[in-house]
Amino acid sequence: MVVNAIIKTGEQLVPAFSQEEYRARTTRLRQQMAERGIDALLVLNEGNMNYLTGYEGFSDYVPQLALVCQDEEDPWLILREMDTLCADASSYLPQSHVLGYPEKYIAASQLTPWQPIAELVRERSPSGRIGVELSGKILGVKGHAALSKSLGTSEFIDADGMIAALKAIKSPAELTYMEQAGKIVDRAMQVGRLAISVGARECDVAADITHALYAGTPEFPGGTSRSPLVTMPVGSPGAAPHLTWTDGQYKMGCQTNFELGAVRHRYCCALSRTVFLGEPNVRSRHVHQACLDGFLAAFGAMRAGVTSSDVERAFRREFGPRGVRKESRIGYSIGIDWVDGGPSFQEGDETVLQTNMTFHLLIGIFEKTDGYIFSETVRVTDDGAKSLSNMSRDLLVNC
């Protein structure tokens, strides 16, 4: 498998993978479609469009889709007219398979882009057995009604999750990008940790991290995705998840919960650590040790053949007696644009782990009295788990 590690050649972007790999993905998808009686599939999630075609538009604020037909080797991209230029630059598809609808349909009160999109779909697949990713970001209630009316059908086959199942197992080329992202995120975490000091502004710490994530390494640059790449709630304790930063200055006694993601060709490697400014109290040390021991128990349980819930139970056996509350899941499938819609490490998920699945193994404590985060991106192998990070697992304290 040849990996196109160079993002740009002269003035022309190149697809992230070989034509053969993209076509193999579509072939596997068509097999699923045949099993479910789907003749045409409307792919609305842009990460899934990227997975099938290489498209890099970041343009899913307007209607767009990839159309997969049962009797066609390659998908079609149906995009806003100006976005076809992004497809020409980033997708492996020939220009004949990149279709644009006119700009007059954008932000028009009396027109909807779903009407010309439907016409282009009907021209290529007149069958009524149409599958749609119904949770697609741009579809919504009005979009669903407009698409149904334009296609002349009141029922679609729910295709949510079909591509997520394909994305869960990574190819050697995909793993290469995630491993490269792992090197970038390790560097960014070190940069962020070292930037924390009394008087430093949170926004300046975030700027240093962001620069490291995008600059990457001398060998390969970083990239971007749909998910925020830096969250860093600061507090005493830092207990709120998913917050970013303020213009506040650091004071002794606070903690920062870093959750970072580095990206190569939209493939993400996530990493989380808590950093204390000043000596942490006894409770914080206890929470750290409980999280670390629980993480290691889950990490040790991961291997091909076990289930997602087996991993979660291994964590609970170690973590449960520690007297720290945690109700959220402990991990999820990661890949394109961070969360890729696959299995999760939680009670009741009986997905059997397979070699080269990748997970964000995340131990996050988000309580009013306790706050802590610790995570790594982990690859499943036949013999166990392999972390894509080399970051220290010790308690991180800046004095």
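Owing to the predicted nature of the structure, the values given are computational and were not obtained by experimental measurement.

Brief notes about the nonpolar core
Counting 66 residues, the largest nonpolar core has Leu-29, Leu-213 and Phe-258 as the members making the most contacts within it. If one sorts the elements of this core by residue count, helix α7 (residues 172–195) sits on top with 9 residues. Ranked by size, the runner-up nonpolar core spans 29 residues in total, among them Ala-168, Phe-295, Val-306 and Val-378.

A short note on the packing of aromatic side chains
Tallying each qualifying case throughout the model produces 9 aromatic pairs. Look at Tyr-22 and Tyr-92: their rings are 5.0 Å apart centre to centre, the planes differ by 5°, and that puts the pair in the stacked class. Here Tyr-22 is found in helix α1 (residues 19–35), whereas its partner Tyr-92 is found in the loop between α3 (84–90) and β6 (98–101), with 70 residues between them in sequence. Aromatic rings pair up to connect Phe-17, Tyr-22, Tyr-92, Tyr-177 and Tyr-267 into one cluster. The ring of Tyr-51 is capped by Arg-25, whose NZ or CZ atom sits 4.3 Å from the centre of that ring. The ring of Phe-299 has Arg-393 sitting right over it, with the charged end atom 5.2 Å from the ring centre.

Let's talk about the packing of helix α4 (residues 114–124) against helix α5 (residues 140–151)
Axis separation between α4 and α5 bottoms out at 9 Å; the angle between their running directions is 45°. One finds that α4 runs oblique with respect to α5. At the point where α4 passes α5, the crossing takes the right-handed sense. For the pair α4 and α5, contact is made by Trp-114, Gln-115, Ala-118, Val-121 and Arg-122 and by Gly-143, Ala-146, Leu-147, Ser-150 and Leu-151, respectively. Residues of the contact of α4 with α5, tallied by class, amount to 6 nonpolar, 3 polar and 1 charged.

Focus: empty space enclosed by the protein
Counted according to the given criterion, the structure contains 1 cavity of 30 Å³ or more. In this structure, the largest cavity encloses a volume near 50 Å³. Forming the walls of the largest cavity are Thr-231, Pro-233, Ala-240, Pro-241, His-242, Asn-257, Glu-259, Phe-366 and Ile-373. The residue inventory of the lining of the largest cavity, partitioned by class, reads 5 nonpolar, 3 polar and 1 charged.

Things to note about the pattern of salt bridges
Under the definition given, this model contains 24 salt bridges. Glu-73 is the salt-bridge partner of Arg-23, the closest N and O atoms lying 3.7 Å from each other. Of this pair, Arg-23 sits in helix α1 while Glu-73 sits in the loop between β4 (65–69) and β5 (76–80); the two residues are 50 residues apart in sequence, bridging distant segments of the chain. In this structure, Arg-129 and Asp-39 form a salt bridge, with 2.7 Å as the shortest nitrogen-oxygen distance. Here Arg-129 is found in the loop between α4 and β7 (130–132), whereas its partner Asp-39 is found in the loop between α1 and β3 (40–43), with 90 residues between them in sequence. With relative accessibility at 17%, the residue Asp-39 sits in the buried group. Salt bridges sharing common partners tie together Glu-46, Glu-56, Arg-266 and Asp-337.

Topic: the layout of surface pockets
A volume near 430 Å³ is recorded for the largest pocket. What lines the largest pocket is a set of 23 residues, among which Asn-45, Glu-46, Gly-47, Asn-48 and Lys-167 lie closest to the centre. Only α2 (46–53), α6 (162–167) and β14 (338–344) provide two or more residues apiece to the lining of the largest pocket. Counting residues per element, the lining of the largest pocket draws most heavily on α6, at 4 residues. Looking at the lining of the largest pocket, its residues break down into 7 nonpolar, 7 polar and 9 charged. Looking at the second largest pocket, its volume works out to about 310 Å³. Taken together, 15 residues make up the lining of the second largest pocket; nearest its centre are His-242, Glu-259, Tyr-332, Trp-338 and Leu-362. Elements with a contribution of two residues or more to the lining of the second largest pocket: β14 and β15 (358–366).

Thresholds, definitions, all that
- Residues numbered from 1 in each chain as written.
- Predicted model: local features only at pLDDT ≥ 70, side-chain atom pairs only at ≥ 80, totals over all residues.
- Heavy atoms only, no water.
- Core = buried A, V, L, I, M, F, W, Y, C linked by side-chain atoms within 4.5 Å.
- Buried < 20%, exposed > 50% of the residue type's maximum accessible area, 1.4 Å probe, protein only.
- Helix = DSSP H or I, 4+ residues; strand = E, 2+ residues; numbered from the N terminus.
- Phe/Tyr/Trp six-rings, centres within 6.5 Å; stacked < 30°, edge-to-face > 60°.
- Lys NZ or Arg CZ within 6 Å of the ring centre and 35° of its normal.
- Axes fitted to C-alpha atoms, helices over the stretch in contact; angles between N-to-C directions.
- Parallel < 35°, antiparallel > 145°, perpendicular 65-115°, else oblique.
- Left-handed = near helix turned anticlockwise from the far one by under 90°.
- Contact = heavy atoms within 4.5 Å.
- Nonpolar A, V, L, I, M, F, W, Y, C, P; charged D, E, K, R; others polar.
- 1 Å grid on protein atoms, 1.4 Å probe; cavity = no way out; pocket = protein on both sides within 12 Å on 5 of 7 lines; lining within 4 Å.
- Points joined across faces, edges and corners; volume = space filled by probe spheres on them.
- Salt bridge = Lys/Arg side-chain N within 4 Å of Asp/Glu carboxyl O.

Scope: geometric values only; no functional claims are made or implied.
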